[in-house]
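These are the residues of each chain, in order.
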Amino acid sequence: PGGAPGRAGADGDDLDVAAPTTTAVEPAPAAPAPAASAPAPPVRYKGSSPGNWSVVVPGEYRRMSTEKPRRIYEQRTDCEPNCRDLQAKRTEETPLVARFGSVDEREDVSVSVRGANTLKLTFLSMKDVTEFGAIDEATPLFVPPGANIIATTERTGESGKGYYQWDFEYGAARVLLTAAVEQGNCYLLGATAASERWDASEAGFRRASASFRVGADAVDRAASANKEREAPAGEVRLDDGSGDAKRKPPGTLDCKGPLPILCSVED
């Protein structure tokens, strides 16, 4: 009485019936998310032609060609048998000595060398970028007309060498240009990216500019004392003829960059 009746047994007695039970099934642990691949470490590239220079570039950048596209000369019917083949393909020289860039070629870091007297007429061999005058005086020699200059900075290397830097917009690109002079040659580091890629590339570009060394600043004193010492990881000597330095970048320079001073390919 007062309770719910159970199922009647064979002798008429009520039997207690246990309520059905359910067993909770714990969910399987979620598979760990794949670890994000670590960015490639930066690489310091060193060159010694025509003089010592070095720069640190983002590790994901690859070496790119510094050769001009080859020109094909017109066919001539009056060419004598002993004259040069006018249809021969020829590779033109450029002021570029090294070039690095993103896979899609929308970010570019280039090193070029030009005679200082091609920028400013002088009969003396320049030894420092300050001989072009103050940075504001030198700007027209290095920055193309029509560029929107955002900032200019100067720094002095360990050897006392001066470095000028220009940050400017040119067309649809943002450029960070650094210049130094050594033994009559002007060394230029140009870092260029499409304007919409600037935020992603700025940190690597500024590190490259700050790391750019020329002349005595680029000499590894420890290596000079021990020339048999192996290059540390993340360093490539472009003139030693081995490893990455020996591999010639494929292709030719397509001159998509906005700086005539860094790209001398003819249209």
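Undergrad: What am I meant to see in the pattern of salt bridges here?
TA: Pairing is possible between side chains of opposite charge, provided their charged atoms come close. Here the structure, examined in full by the defined rule, presents 11 salt bridges. With its nearest N and O atoms 2.8 Å apart, the salt bridge here joins Arg99 to Asp108. Asp108 matches Arg99 in its accessibility class, with the two residues each being buried. With its nearest N and O atoms 2.8 Å apart, the salt bridge here joins Asp167 to Arg174. By relative accessible area, which is 3% here, Asp167 ends up buried. Beyond isolated ion pairs, a larger network of salt bridges with shared partners links Asp167, Arg174, Glu202 and Arg206.

Undergrad: Would you explain the sheet that holds strand β11 (residues 185–194) in this entry?
TA: Sheets are built from strands paired through backbone hydrogen bonds, the pairs being either parallel or antiparallel. On the basis of which strands lie adjacent, the open sheet formed by seven strands has the order β5-β6-β7-β11-β10-β9-β8 and antiparallel pairing. Only two strands of the sheet have a single partner each, and these edge strands are β5 (62–63) and β8 (148–156). Of the pairings in the sheet, the one linking strand β6 (residues 96–101) to strand β7 (residues 107–115) comprises five bridges and is antiparallel in character. Among the inter-strand pairings, Gly101 is bridged to a residue of β7, identified as Asp108. Along the sheet face, helix α1 (residues 135–142) touches β8, β9 (162–170), β10 (173–182) and β11 and points at about 55° away from the line of β9.

Undergrad: For this particular structure, what's the right way to read the sheet that holds strand β13 (residues 235–237)?
TA: Spatial strand order, β12-β4-β3-β13: four strands in an open sheet with mixed pairing. Edge positions in the sheet fall to β12 (213–214) and β13, since each of these pairs with one other strand and no more. Two elements, strand β4 (residues 53–57) and β12, share two bridges in a ladder whose sense is antiparallel. By the bridge assignment, Ser54 is partnered in β12 with Arg213.

Calculation rules
Starting from 1, residues in each chain are numbered consecutively following that chain's sequence as written. Predicted model: local features are reported for residues with pLDDT of at least 70 only, side-chain atom pairs are reported and counted for 80 or more only, and whole-chain, interface and lining totals are derived from all residues. Excluding hydrogens and water, the side-chain figures rest on all heavy atoms present in the structure. The rule for a salt bridge is simple: a side-chain nitrogen of Lys or Arg has to be within 4 Å of a carboxyl oxygen of Asp or Glu. Each residue's exposure class comes from its accessible area (1.4 Å probe, protein chains only) as a fraction of the maximum for that residue type: buried when under 20%, exposed when over 50%, partly exposed otherwise. One requirement defines pairing of two strands: DSSP has to find at least two bridges between them. Secondary structure is summarised from DSSP: a helix means a run of H or I of at least four residues, a strand means a run of E of at least two, and numbering begins at the N terminus for each. Contacts were defined at the residue level, with two residues in contact if any of their heavy atoms lie within 4.5 Å. Interaxial angle, 0 to 180 degrees, is taken between N-to-C directions of lines fitted to C-alpha atoms, where a helix line uses only the stretch in contact.

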